[in-house]
Amino acid sequence: MDKLLYTSTSAAQQIMQAQSVNSNNLANVSTTGFRADFVQALSVPIYGEGIPTRVYSETGNDATNFQPGHFQTTGRALDIAIQGDGFITVQGKDGREGYTRAGDLRLTENRQLITGTGLVVMGEGGPITIPPSEKIEIGADGTISVRPLGSKAEEIALLDRIKLVNPELRLLQKGHDGLLRLRDGSSAPLDASIRVTSGTVEGSNVNAIGAMVKMIELQRKYEAQIKMMQTADETSESSARMLQLPS
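Predicted model only: the values in this text are computed from it and were never measured.

A. Region of the structure containing the sheet that holds strand β11 (residues 133-138). Reading across the sheet, the three strands line up as β11-β12-β13 and stay open at both edges, with antiparallel pairing between neighbours. In this open sheet, the two edge strands, each paired with only one partner strand, are β11 and β13 (157-161). Averaged over all adjacent pairs, the angle separating strand axes in this sheet is 25 degrees, with direction ignored. The sheet contact formed by β11 and strand β12 (residues 143-148) spans five bridges and is antiparallel. For K135, the partnering residue across the bridge sits in β12 and is R147.

B. Examining the pattern of salt bridges more closely. On inspection of all chains with the given rule, the structure shows 13 salt bridges. Its salt-bridge partner being E202, residue R35 comes within 2.6 Å of it at the nearest N-O pair. Taken as a pair, R35 in the loop between α1 (2-27) and β1 (37-45) and E202 in strand β18 (residues 200-202) lie far apart in primary sequence, 167 residues in all. Each member of the pair R35 and E202 is classed as buried. Its salt-bridge partner being R96, residue D94 comes within 2.9 Å of it at the nearest N-O pair. Residues joined by salt bridges that share partners form a network here, namely D94, R96, D177 and R181.

C. A look at the layout of surface pockets. The volume enclosed by the largest pocket comes to roughly 810 Å³. Surrounding the largest pocket, 35 residues form its lining, K174, G175, D177, G178 and L179 being those nearest its centre. Mapped by element, the contributors of at least two residues to the lining of the largest pocket are α1, β2 (55-64), β6 (97-100) and β15 (172-174). The leading source of residues in the lining of the largest pocket is β2, at four residues. Partitioned by chemical class, the residues of the lining of the largest pocket number nine nonpolar, 17 polar and nine charged.

Quick notes on the rules
Residues numbered from 1 in each chain as written. Predicted model: local features only at pLDDT ≥ 70, side-chain atom pairs only at ≥ 80, totals over all residues. Heavy atoms only, no water. Pairing = 2+ DSSP bridges. Helix = DSSP H or I, 4+ residues; strand = E, 2+ residues; numbered from the N terminus. Axes fitted to C-alpha atoms, helices over the stretch in contact; angles between N-to-C directions. Salt bridge = Lys/Arg side-chain N within 4 Å of Asp/Glu carboxyl O. Buried < 20%, exposed > 50% of the residue type's maximum accessible area, 1.4 Å probe, protein only. 1 Å grid on protein atoms, 1.4 Å probe; cavity = no way out; pocket = protein on both sides within 12 Å on 5 of 7 lines; lining within 4 Å. Points joined across faces, edges and corners; volume = space filled by probe spheres on them. Nonpolar A, V, L, I, M, F, W, Y, C, P; charged D, E, K, R; others polar.

Written out as structure tokens, the structure reads:
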């Protein structure tokens, strides 16, 4: 009975992990630019002395859904959405370069350009700082133009360019902070072919209904594993009672 109990216990543990990933997806159904995570279950043989006679379940969540989310028109000059493939380069809380699709940009009190979650947006030469100006425009190629205070309407100054990158998706890995990075730790080069639309943001690509259905499915699978554990325990007790019968 230990084989059944071990298998069902490990399966229940991995289902809980899958439920955690699915719950995180559901919690970010309204997060700008969020990319859902995939979960896959594997049967892994237990190796030791002799031939492996049992397996345990293992769940991996190192895959990301890169399908685009829905686009929403906001009219804000600092809101941008990438058309097609590509990412906005930001500086993570740990100081490392990361990539995101969240284009809900804004300015800090020090006029530094950040995302809605407070991550610093990177330009061609580093973090972008915008001086006081009457107007800010972000072009289709990510260039930032401003009209300085007190200048004429036709006086537009080119300030910087948002670093837009488009690395191969198979080379990317999502970190615990939700940012995508290259698996080898390197930095992706700027891609001049990427285009953005100003006044628009991209929402999450999480399907709320699908995530809810998945939650129910995982809950039922978890309950099935619990019943298997109970069955194994009851069978073990029955066997013990049989051995205690007088000869």
